[in-house]
Amino acid sequence: MRARLALLVAAVSVLTLIAFLVPLALLVRTVAEDRATVRATADAQSLVPVVGTADAATIRLTVEQLAAESGRPVSVFLPDGTVLGAQTPRTPAVALAARGQSLTGESAAGREVVIAVQGRSDGTGVIRIAVPQHELTAGVTRAWLVLALLGVILVLIGLLVADRLARTLVRPISDLSAVSHRLANAELDARVTPAGPPELREVAGALNHLATRIQVLLVQEREQVADLSHQLRTPLTALRLEAESLRDPDDAARITAAADGLERAVTGLIRQARWRHAPAQPASSDAAAIVADRVAFWSVLAEDTGRVVTLDLTPGPLPVGVAVDNLTAAVDALLGNVFAHTPDGTPFAVRLAREAGEVVLTVADEGPGMPAGAIRRGASAAGSTGLGLDIARRAAQAAGGRLELRAGPRGGAQVLLRLRPPTSPQDA
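Residues numbered from 1 in each chain as written. Predicted model: local features only at pLDDT ≥ 70, side-chain atom pairs only at ≥ 80, totals over all residues. Heavy atoms only, no water.

Draft legend 1. Representation of the overall build of the protein within the structure. Each helix and strand in the protein was counted, giving ten helices and twelve strands. A burial count over the protein gives 34% of its 428 residues as buried. Of the accessible surface of the protein, which amounts to about 24,500 Å², a share of 60% is contributed by carbon and sulfur atoms. (Helix = DSSP H or I, 4+ residues; strand = E, 2+ residues; numbered from the N terminus. Buried < 20%, exposed > 50% of the residue type's maximum accessible area, 1.4 Å probe, protein only. Areas by Shrake-Rupley, 256 points an atom, 1.4 Å probe, with all protein chains shown as cover.)

This is the structure we're talking about:
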């Protein structure tokens, strides 16, 4: 913006100076020509009394003296055809002056001043003074250089003033941009000091109001999520009591583990919701251990529903740049979708491998497949929340990877979760 304002001021200044200096330069040249012509005319007028009354010898002496003093060629044409002074041919202006008309005309060497002298007994004499071109333009070049220098100085002053003015306009805009980026990076305490024109001050006030409103909404959301923990404690406690009352120790242990996992997930959700800043250290987890653990958990339900599970898990460790809780939730979401969107007895396969520097988790089933747009947040055709695939997608993006949804070779759905290693070797 500063460059554009400077360019605009420079263009306006140059156009203004051209409109002012060009006529002034032409006027300077005209004044110089008129000044030289006036001096030559005055010299010629000083010869009129001598040419009108004196003899040829006196006229010659006076003409030679005037030519020596002025440095200009001076000629006197007497009625009898005698030429005194500079020997020059009769020009049309001299012929016209011999008829009694004084004038100033242009010549090849510059300008000539011709004066008719009447009153001689033998006719009309003519005085001719030639003004050379260098005398007509004396001082013009210097004046033009001064005008050009003045124009350059004025343009530079205009650019300096424009830069100062642009800085006063750009600085508040830069502050607005910086605060906007800070707000985008979750620095919700960032505020901008209103400055600059009224419009920019109004924008700054609106941005501060928006940041304050976002803070209020986030605080309300954090408190609502925090209240969720208290609301879930009672049903979780009841679930644990029911698990303890079961006669089968395996069933009791399985339900208790599920309740513990639910509590950990809720606690992690609350902790993430109440974070005000991003964690200082990059996240990291072992994909091999987490996938193996979650597959073992869901295998019990798969056995109850008559599903055949095909496993192809690469031994660990397989470090990825995702937090443990997030990766656990993503794996549970992908496996849970198989049970939610396919009928009982539908086989599925889970594969975990390292491919081209990435850790790829593939969950494939032989069910009816997923509709188009299922990866979109909130999209569900089975009455669920539609957040499972979005949870997995965000976990993949947190590790610099992506989520892919394909059709399986035998029909059904094939979901690929591509994860990258942690950014820091120490975390790996």
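What follows continues from the structure just given.
Draft legend 2. A look at helix α5 (residues 140-184). With 45 residues, α5 ought to run about 66 Å at 1.5 Å a step, and its terminal C-alpha atoms sit 64 Å apart, in line with that. By the burial criterion, the buried members of α5 are Val 140, Leu 147, Gly 151, Val 155, Gly 158, Ala 162, Ala 166, Val 170, Pro 172, Leu 176, Val 179 and Leu 183. Positive backbone phi, approximately 70 degrees, marks Ala 186, located one or two places after α5. (Expected span 1.5 Å × (residues − 1).)

Draft legend 3. How the structure looks around the pairing of strand β11 (residues 402-407). With six bridges joining them, β11 and strand β12 (residues 413-419) adopt antiparallel strand pairing. Residue pairing in the sheet places Ala 407 in a bridge with Ala 413 of β12. In textbook terms, the turn of a hairpin is the stretch between consecutive antiparallel strands, and for β11 and β12 this stretch comprises five residues, one of which, Gly 411, has a positive phi near 90 degrees. (Pairing = 2+ DSSP bridges.)

Draft legend 4. Representation of the packing of helix α1 (residues 2-53) against helix α2 (residues 56-70) in the model. Two elements in contact, α1 and α2, have axes separated by 10 Å at closest approach and are oriented at 170 degrees. Overall, the two elements α1 and α2 adopt an arrangement that is roughly antiparallel. When the axes of α1 and α2 are compared, the crossing they make is right-handed. Residue-level contacts link Asp 43, Ser 46, Leu 47, Val 50 and Val 51 of α1 to Thr 58, Ile 59, Thr 62, Val 63, Leu 66 and Ser 70 of α2. For the contact of α1 with α2, the per-class residue count stands at six nonpolar, four polar and one charged. (Axes fitted to C-alpha atoms, helices over the stretch in contact; angles between N-to-C directions. Parallel < 35°, antiparallel > 145°, perpendicular 65-115°, else oblique. Left-handed = near helix turned anticlockwise from the far one by under 90°. Contact = heavy atoms within 4.5 Å. Nonpolar A, V, L, I, M, F, W, Y, C, P; charged D, E, K, R; others polar.)

Draft legend 5. Summary view of the side chain of Arg 72. Turning to its location among the elements, Arg 72 is positioned in the loop between α2 and β1 (74-77). Taking the relative accessible area as the measure of exposure, Arg 72 reaches 5% and is therefore buried. What Arg 72 contacts, discounting residues up to four positions off in sequence, is Arg 39, Ala 40, Asp 43, Ala 67, Ile 129, Ala 130, Val 131, Pro 132 and Glu 135.

Draft legend 6. View of the pattern of salt bridges. All told, the structure shown has 22 salt bridges when counted by the stated rule. Note that Glu 135 and Arg 39 form a salt bridge whose closest N and O atoms lie 3.5 Å from each other. Taken together, the residues Glu 135 in helix α4 (residues 133-136) and Arg 39 in helix α1 connect sequence positions 96 residues apart. On the accessibility criterion, Arg 39 (38% relative accessible area) is partly exposed. Salt bridges linked by common partners bring Asp 312, Arg 351, Glu 355, Glu 358, Arg 402, Glu 404, Arg 406, Arg 418 and Arg 420 together as one network. (Salt bridge = Lys/Arg side-chain N within 4 Å of Asp/Glu carboxyl O.)

Draft legend 7. The arrangement of the sheet that holds β12 in detail. In spatial order, the strands read β7-β9-β10-β12-β11; together these five strands make up an open sheet with mixed pairing. Edge positions in the sheet fall to β7 (309-313) and β11, since each of these pairs with one other strand and no more. Going from strand to strand, the sheet's axes swing by 15 degrees on average, the running direction of each strand aside. Sheet strands in contact with helix α8 (residues 287-304) are β7, β9 (348-355) and β10 (358-365), and its direction is about 175 degrees off that of β9. Those strands touched by helix α9 (residues 324-341) are β9, β10 and β12, and its axis lies near 20 degrees from that of β10.

Draft legend 8. Layout of the sheet that holds strand β5 (residues 123-132). The strand order across the open sheet built from five strands is β2-β1-β5-β4-β3, with neighbouring strands paired in antiparallel fashion. Taken across any chain shown, the strands that pair with only one partner, and hence form the sheet edges, are β2 (83-85) and β3 (103-107). Taken pair by pair, the neighbouring strands of this sheet meet at an average axis angle of 25 degrees, ignoring direction. Relative to β5, β1 runs antiparallel, the two being bridged by four bridges. Bridge pairing links Val 76 to Ile 127 in β5.

Draft legend 9. Quick look at the nonpolar core. By size, the foremost hydrophobic cluster in this structure holds 32 residues, and its most contacted members are Leu 327, Leu 334, Leu 335, Leu 361, Leu 417 and Leu 419. Breaking this core down by element, the ones donating at least two residues are α8, α9, β9, β10, α10 (388-398) and β12. Counting residues in hydrophobic clusters, the runner-up holds 20 residues, among them Ala 44, Ile 59, Leu 78 and Val 117. (Core = buried A, V, L, I, M, F, W, Y, C linked by side-chain atoms within 4.5 Å.)

Draft legend 10. Highlighting α1. Given a rise of 1.5 Å per residue, 52 residues ought to cover 76 Å, and the 76 Å separating the end C-alpha atoms of α1 matches this to within 8%. Of all the bends in α1, the greatest reaches close to 35 degrees and is centred on Leu 47; the proline Pro 49 follows between one and four positions later. (Bend = angle between axes of the 7 residues up to and from the residue.)

Draft legend 11. Seen up close, the packing of α8 against α9. For the pair α8 and α9, interaxial distance at closest approach is 10 Å and the crossing angle is 35 degrees. The two elements α8 and α9 meet at a crossing, and its hand is right-handed. Contacts between α8 and α9 pair Ala 287, Ile 290, Val 291, Arg 294, Val 295, Trp 298, Leu 301 and Ala 302 from the former with Val 324, Leu 327, Thr 328, Val 331, Asp 332, Leu 335, Gly 336 and Phe 339 from the latter. In the contact of α8 with α9, the residues fall into twelve nonpolar, two polar and two charged.

Draft legend 12. Up close: a nonpolar patch on the surface. Residues Leu 149, Leu 150, Ile 153, Leu 154, Ile 157 and Val 161 make up a contiguous nonpolar surface patch of roughly 520 Å² in combined accessible area. Locating Val 161 in the fold gives a position in helix α5. Under the relative-accessibility criterion, Val 161 is labelled exposed at 52%. (Patch = residues over 30% accessible without salt bridge, like charges linked within 9 Å, V, L, I, M, F, W, Y side chains within 5 Å.)

Draft legend 13. Representation of the packing of aromatic side chains. Evaluation of the coordinates by the stated rule reveals three aromatic pairs. Relative to Phe 339, the ring of Trp 298 has its centre 5.3 Å away and its plane inclined at 25 degrees; by these criteria the two rings are stacked. Taken together, the residues Trp 298 in helix α8 and Phe 339 in helix α9 connect sequence positions 41 residues apart. With 5.7 Å between their ring centres and 70 degrees between their planes, Phe 339 and Phe 348 make a pair best called edge-to-face. Residue classification places Phe 339 among the buried positions, given a relative accessible area of 14%. By the ring-pair criterion, three or more aromatic residues cluster together here, those being Phe 297, Trp 298, Phe 339 and Phe 348. (Phe/Tyr/Trp six-rings, centres within 6.5 Å; stacked < 30°, edge-to-face > 60°.)

Note that all results are geometric; they support no functional claim without further evidence.
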